[in-house]
Amino acid sequence: MNIDEKDVLLGTFAEITSLISLGKDNRVIFNKIVNIALDILPTRKVHLIYLDNHRVVKYTGESLENKRNVTVEDLPESTGITEWLHREHEGSRVVDGVFALDLAILAQECVHEKDEGSSVISAPLMAKSALFGIILAINDSGKHEFSDDDIHLLTIMANQAAIAFENYQLYKKLEMESITDGLTGIYNYRHLIRSIRLEMKRAMRFKQVFAFLMLDVDNLKEYNDSNGHLSGSRALTDIAEILKSNCRDIDIVAKYGGDEFAILLPQTGLNGAVKLGDRILESIRNFKFDRLNKGLLTCSLGIAVYPEDALEVEQLIERADNALYRAKSDGKNMIRCYRGYNYAKES
């Protein structure tokens, strides 16, 4: 490799490093890696197969005459690619830690290369000793053979892909932690307020309604005194799961305070909110917390609706809270609505 070629390589790898440091999306970085592999390796086709939880994503770059094409596709999990890669990974290690994957099988099973005479090199995509994918370069038989330098370059690109993946994982973890409650795993107050603001803008634009529910656990202090605070924490987690199981995917279930929860119901009026509230309170009454008797904990619930009850975020929350206070003062274990407090069915 001469000095000019080294300069080109340093420039291309610096470009990838810059994308990583800027926190660019994985898709941008992986696309760039595939393009660079086509530029610097004697290859007609490059595949980057990326395992994202239960998804298998394949980036394919191909040089055809003077054309360059990069495609991205989701592969069905039923292909068994995830299991196959992990099986190959576990069975391919040798004593010195070098990978010895069966590349012919890899090409046939994963990328459907039919030409057995093709030359194939690969490098695993590893993050903290966990395999999350593989990158392959494929060339036709009779063309320029891959060298040790080519394998080294592909390994460098795989390492850069791994760094991008680790950054992505860290970002997603921090992002999720910033919007979820540490105990229950549902959304936190910060995300709730942001969601209400966005929903109010959307509802205003499209002239739609939405409902806001506030729910408070009745007699949680007494439950804690009798069963311990750890049991009380488990009860809050159980209630969060009950709320999620009764809600739609588009609904926002959040922890509002110590023993208070909130639910944002897009495109839902008062009738729909009350029906949901009835189901939730019934589910909580019938739940055996810590596998004890039913009815050890109940909840009270207050409802306010946009735009009938409020036109501002703070006002909407305040009025749902007022309705909740009325439900508590009227005897607990019931629903009250802000609009006259007389609509809801007692539970």
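Reference entry: report on the structure contained in this document.

Each value, and the rule that gives it
Residues numbered from 1 in each chain as written. Predicted model: local features only at pLDDT ≥ 70, side-chain atom pairs only at ≥ 80, totals over all residues. Heavy atoms only, no water. Helix = DSSP H or I, 4+ residues; strand = E, 2+ residues; numbered from the N terminus. Buried < 20%, exposed > 50% of the residue type's maximum accessible area, 1.4 Å probe, protein only. Contact = heavy atoms within 4.5 Å. Areas by Shrake-Rupley, 256 points an atom, 1.4 Å probe, with all protein chains shown as cover. Salt bridge = Lys/Arg side-chain N within 4 Å of Asp/Glu carboxyl O. Pairing = 2+ DSSP bridges. Phe/Tyr/Trp six-rings, centres within 6.5 Å; stacked < 30°, edge-to-face > 60°. Core = buried A, V, L, I, M, F, W, Y, C linked by side-chain atoms within 4.5 Å. Axes fitted to C-alpha atoms, helices over the stretch in contact; angles between N-to-C directions. Parallel < 35°, antiparallel > 145°, perpendicular 65-115°, else oblique. Left-handed = near helix turned anticlockwise from the far one by under 90°. Nonpolar A, V, L, I, M, F, W, Y, C, P; charged D, E, K, R; others polar.

What follows is about the overall build of the protein. The helix and strand inventory of the protein stands at 10 helices and 10 strands. Buried residues in the protein amount to 46% of all 347 residues. Nonlocal contacts in the protein, meaning residues at least 24 apart in sequence, comprise 62% of its contacts between residues at least 6 apart. Of the accessible surface of the protein, which amounts to about 18400 Å², a share of 50% is contributed by carbon and sulfur atoms.

This brings us to unusual backbone geometry. The amide bond that connects Tyr 306 to the next residue, Pro 307, takes the cis arrangement and shows omega of 0°. Here Pro 307 is to be found in the loop between strand 9 (298–306) and helix 10 (313–329). One non-glycine residue, Lys 207, lies in positive phi territory at about 55°. Structurally, the position occupied by Lys 207 is in the loop between helix 6 (189–206) and strand 6 (210–218).

Tallying each qualifying case throughout the model produces 16 salt bridges. We note a salt bridge from Glu 177 to Lys 173, for which the minimum N-O separation is 2.8 Å. On the criterion of helical spacing, the pair formed by Glu 177 and Lys 173 is a turn pair, its members being four residues apart in helix 5 (residues 148–179). Under the relative-accessibility criterion, Lys 173 is labelled partly exposed at 49%. Two residues, Asp 251 and Arg 248, come together in a salt bridge whose shortest N-O distance is 2.6 Å. A relative accessible area of 7% places Asp 251 in the buried class.

This paragraph deals with the pairing of strand 2 (residues 55–64). Of the strand pairs in this sheet, strand 1 (residues 45–52) and strand 2 are connected by eight bridges, and their pairing is antiparallel. Its bridge partner being in strand 2, Leu 48 is matched across the sheet by Tyr 59. Counting the residues in the hairpin turn of strand 2 and strand 3 (residues 67–75) gives two residues, including Glu 65, whose phi is positive at 55°.

Let us look at the packing of aromatic side chains. Here the structure, examined in full by the defined rule, presents five aromatic pairs. Ring centres of Phe 30 and Tyr 50 lie 5.0 Å apart, and the angle between their planes is 75°; on these two criteria the pair is classed as edge-to-face. Of the two residues, Phe 30 sits in helix 2 (residues 26–40) while Tyr 50 sits in strand 1, which places them 20 residues apart along the sequence. Exposure class is identical for Phe 30 and Tyr 50. Each is buried. Members of the aromatic cluster, each reached through a chain of ring pairs, are Phe 30, Tyr 50 and Tyr 59.

Here Cys 337 is to be found in strand 10 (residues 335–337). Assessed through its relative accessible area of 0%, Cys 337 is described here as buried. Distance from Cys 337 to Ala 304, taken between C-alpha atoms, is 6.1 Å for residues 33 residues apart in sequence.

Bringing the nonpolar core into the picture now. The biggest cluster of nonpolar side chains holds 33 residues, and the ones touching the most others in it are Leu 213, Leu 215, Ile 239, Phe 261 and Ile 303. Contributions of two or more residues to this core are made by strand 6, helix 7 (220–227), helix 8 (229–246), strand 8 (260–266), helix 9 (270–285), strand 9 and strand 10. The leading source of residues in this core is helix 9, at seven residues. Val 34, Ala 37, Met 157 and Ala 161 belong to the second-largest nonpolar core, a separate cluster that totals 30 residues.

Neither face of strand 7 (residues 252–255) is left uncovered, since the one carrying Ile 252 and Ala 254 and the one carrying Val 253 and Lys 255 both have all their residues buried. Across four bridges, the pairing between strand 7 and strand 8 is antiparallel. Across the sheet, residue Lys 255 finds its bridge partner in strand 8, namely Phe 261. The antiparallel pairing of strand 7 with strand 8 creates a hairpin that spans four residues between the two strands.

Here the focus is the environment of Glu 282. Mapped onto the elements, Glu 282 comes out in helix 9. Put simply, Glu 282 and Cys 299 are 17 residues apart on the chain and 9.5 Å apart in space, counted from C-alpha to C-alpha.

A few words now on the packing of helix 8 against helix 9. The packing of two helices is summarised by the inter-axis angle and the distance between the axes. Running from N to C, helix 8 and helix 9 cross one another at 140°; their axes reach a closest spacing of 10 Å. For the element pair helix 8 / helix 9, the angle class is oblique. Handedness of the helix 8/helix 9 crossing: right-handed. For the pair formed by helix 8 and helix 9, the contact residues are Ile 239, Ile 242, Leu 243 and Asn 246 on the first element and Leu 276, Arg 279, Ile 280, Ser 283 and Ile 284 on the second. Taken together, the residues of the contact of helix 8 with helix 9 sort by class into six nonpolar, two polar and one charged.

All right, on to the environment of Met 204 then. Mapped onto the secondary structure, Met 204 falls in helix 6. On the accessibility criterion, Met 204 (52% relative accessible area) is exposed. Sequence separation between Met 204 and Leu 311 is 107 residues; the distance between their C-alpha atoms is 9.1 Å.

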